[in-house]
Structure formats: structure tokens, C-alpha cells
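Each chain, letter by letter, is given below.
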Amino acid sequence: MNLTEDSLIAALKTRFQVPSPLVGIGDDCAIIPQGEYGELLTTDALIEGVHFLKSTLSSKDLGYKSIMVNVSDIAAMGGTPLYALLSMGLPREISPDFLPSFLEGIEEALRATHVHLIGGDTVASLQHIFINITIVGRVKLKEVKRREGAKPGDILCVDGYLGNSAAGLADLLKGAKSSSVVLEAHQRPRAHVGEGCWLAQSEQVHAMMDLSDGLAMDLPRLLEASKCSARIDLEKLPISSALSDWCKRTQKNPYSMAVEGGEDYCLLFAVAPGHLEKLKYAFQKQFGRPIFPIGQLRAPADCKVRYFLDGVACDLEVNPFQHF
Ligand code: ADP
Ligand code: MG
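It should be emphasised that the depicted structure is a prediction, and the values quoted were computed from it without experimental measurement.

Colleague: What should I look at first to understand a nonpolar patch on the surface in this one?
Modeller: Taken together, L8, I9, L12, F16 and I25 make up a surface patch of nonpolar side chains, about 420 Å² in accessible area. Following the sequence through the fold, I25 ends up in the loop between α1 (2-15) and β1 (30-34). Owing to a relative accessible area of 33%, I25 belongs among the partly exposed residues under this scheme.

Colleague: Where do I start with the coordination of the magnesium ion (ligand 2) in this structure?
Modeller: Metal coordination angles have textbook ideals: 109.5 degrees for a tetrahedral set of four donors and 90 or 180 degrees for an octahedral set of six. Around the magnesium ion (ligand 2), the protein contributes the donor atoms D28 (OD), D73 (OD) and D210 (OD), which lie 2.0 to 2.1 Å from the metal centre. Between the donor residues of the magnesium ion (ligand 2), the gaps in sequence give the motif D-x44-D-x136-D. Pair noted here: D28 is in the loop between α1 and β1 and D210 is in strand β7 (residues 205-210), with a separation of 182 residues, a long-range link. Like D28, the residue D210 is buried in the burial classification.

Colleague: Teacher, can you tell me more about the sheet that holds strand β12 (residues 312-313) here?
Modeller: Strands belonging to one sheet form pairs held by backbone hydrogen bonds; the direction of such a pair is parallel or antiparallel. As summarised here, the arrangement of the seven strands in space is β7-β9-β6-β10-β8-β11-β12, forming an open sheet in which the pairing is mixed. Each edge of the sheet is formed by a strand with only one pairing partner; in this case those strands are β7 and β12. The pairing of strand β8 (residues 229-233) with strand β10 (residues 292-298) spans four bridges and is classified as antiparallel. In the strand pairing of β10, S229 is matched with R298. Contacts between helix α2 (residues 59-76) and the sheet are confined to β7 and β9 (267-271), with β7 contributing the most and set at about 175° to the helix.

Colleague: Looking at this structure, how should I read the packing of aromatic side chains?
Modeller: Here the distance between the centres and the angle between the planes together describe a pair of aromatic rings. Taken as a whole and judged by the stated rule, the model has five aromatic pairs. Ring centres of W198 and F283 lie 5.6 Å apart, and the angle between their planes is 80°; on these two criteria the pair is classed as edge-to-face. Of this pair, W198 sits in helix α6 (residues 193-200) while F283 sits in helix α10 (residues 276-287); the two residues are 85 residues apart in sequence, bridging distant segments of the chain. Each member of the pair, W198 as well as F283, is classed as buried. Taking the centre distance of 5.8 Å and the plane angle of 85° together, the rings of W198 and F287 count as edge-to-face. Here the residue W198 occupies a position in helix α6, and F287 occupies one in helix α10, the gap between them amounting to 89 residues.

Rules used in this analysis
Residues numbered from 1 in each chain as written. Chains lettered and ligands numbered in written order. Predicted model: local features only at pLDDT ≥ 70, side-chain atom pairs only at ≥ 80, totals over all residues. Heavy atoms only, no water. Patch = residues over 30% accessible without salt bridge, like charges linked within 9 Å, V, L, I, M, F, W, Y side chains within 5 Å. Areas by Shrake-Rupley, 256 points an atom, 1.4 Å probe, with all protein chains shown as cover. Salt bridge = Lys/Arg side-chain N within 4 Å of Asp/Glu carboxyl O. Helix = DSSP H or I, 4+ residues; strand = E, 2+ residues; numbered from the N terminus. Buried < 20%, exposed > 50% of the residue type's maximum accessible area, 1.4 Å probe, protein only. Donors = N, O, S within 2.8 Å, 3.2 Å for Na, K, Ca; no water. Pairing = 2+ DSSP bridges. Contact = heavy atoms within 4.5 Å. Axes fitted to C-alpha atoms, helices over the stretch in contact; angles between N-to-C directions. Phe/Tyr/Trp six-rings, centres within 6.5 Å; stacked < 30°, edge-to-face > 60°.

Next comes the structure, spelled out in C-alpha cells:
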């Protein structure tokens, strides 16, 4: 599925080129320059049966998550989200409870991200719920962070734990009901807007994206845009104590969960090596939590990710993240 998605997007990008300095297909958002600012545009759909099931996401959480996953793409560019458009395809026989709680979730996420809903579309769908959100945001052009721009030698960092959401999804699919850190990560992801804006202010952050499909799928997209390859040091991956306990319980490999797991919506970024310590310290001071260096960019332009464990090259079998 992913191969098809990436090759389809590559074909679209080649076919529908835009005049410079516009940025079209291929990054987390499109950019329309307006003076010293850029207008950011992003759109993403959530489809019942593909991205969620009624058993994995309540109506309220669906509303909340729909906004957050879209806002996350604005955060990935270092921008500020401003406006949202909401399109809903709803089956005729949908429960009357759906809409009030769905909209409550939308409202909560809009409030948390200071975004205004300014339009959308409402249609009937045959069987499944279909949600599509478009977000408009803004960024200072000299601060915008793209997927391109990372250089060999840059340190790759993430700003949050990896794999929690995938563990939550696995629990939900087995019928878990009671709340937990991993369930919360899956059902109530937070777009890292403050972090994205803050990181954007540093010229030493050369490239950035958000992790929606998981490191194994998303990192090659940054490598492709920046024309380099990467080394990931598995022992450095940020694995929460909740995920570590979960892996013991389920006999899963925590490194595989962190590398393959999708929907964590953390930021992945490349920092000039000489600036890492300063940035780590300043981030901790600003947000009261750390950033995690997880590897380094390398010169070969083959866009491959090579995994190491305690300094030794290792063959990690990577299975792409599937929502189900
Ligand atoms: P993300 O996971 O960050 O939301 P996507 O994988 O959805 O990114 O999309 C990657 C890039 O491809 C984005 O720039 C997006 O706008 C573009 N894209 C995806 N699907 C289409 C499409 N059907 N037509 C045009 N552009 C598309
Ligand atoms: Mg993205």
C-alpha cells in the first residue's frame, strides 16, 4: 500500500509542477508565499474501516484526532495553524449520538490549537464515515522547515516517544477499554505546534516533518527530499516506560514498535551536529522535556535507513505500519 502511495505521489509531483517560489506536492504542506510569510495548506482524510473503527475511536475522539492529525502537518513546517474546513460523509443510518459528540471533539481540538472552523461540506455516504479536513496556517518564510535541506552529518532527532500509539491500537483491537498511556496516545494525539514553531526559529534545524506513518515509512521521505541516507541507533530510540511494560507483557520487540509504529505525531528533524547540545538544553528549558537524538544523516544518496544496535549494524526486519 505504501509503495503505491509513495509512487503515486511521486508521479503526481512530476506531473503537476508549480512555478517557483510556490511549493506544491511532496512536503507536509503546500506553501503559497505572500510577502515575508507563507500560507500553509494541508488536507488529510480519515476513513472508517481504514483509519479507524467504531471500536478503536469514540465519536468525540474521532473529532479531536481529525483536527490534530491535520494540524500536525502545519506544525511539521514550523507554522501556526489558523483556519479549518471540515468535510463529512455520513451514512444515513448513523446513530443520532454521533454528530454532537463528534463536534464536541472537533471543538475541543480547535480550542486547543486556536484554529477557527470556517467551512466545509456535508454529504451522505453509503456505509462508512468519511472525514476530510483542510487546515490553513502561516509561517515566516525564512523560518519554514521543509523535508529537504538536511545535510550529511546532521543529527536526527525526535521530540517525543515512539510506538505508543501503535501499542494502543493493538490493545484496542483486542478489546481494551480502560484508559492507559498507550490508548491515550492512539486516541488523543497532540499536534506539536509549540515545538514546531520553536524549532523553526533555529537556523540550525535544517529539515523537519511529522511522524504519521512511523519512522520506517516517514524517514525515507525526508531522505528522498534531502538526497541522503541515515543511520538509526536503536538503543537511542525514545521508548516510554508504558511501551516498555507493554512489550514485556506482549513479547513484542520495543525497537520494532518504535520504528514501525505509526500515528505518534511527533516531530522528526535534522540538526547541525555542532548545535545539538545547545538545542537540547534550550528545548528542555522551554518545554520541560527532552528531545531525543536517534541517529545521523549520511552521504550516500540512496535514501536508505541503516539500523545499528550498540554500534553494530543490525538487520531489523521492518514491516510497514498499517492502520489495521
Ligand atoms: P502527510 O502524511 O504528511 O499528510 P501525505 O502522505 O498525505 O503527507 O502526502 C504527501 C504529499 O503528497 C503532500 O504534499 C500532499 O499534499 C501530496 N498529495 C497526496 N495525495 C495527493 C493527491 N491525491 N493529489 C495531489 N497531491 C497529493
Ligand atoms: Mg506529515
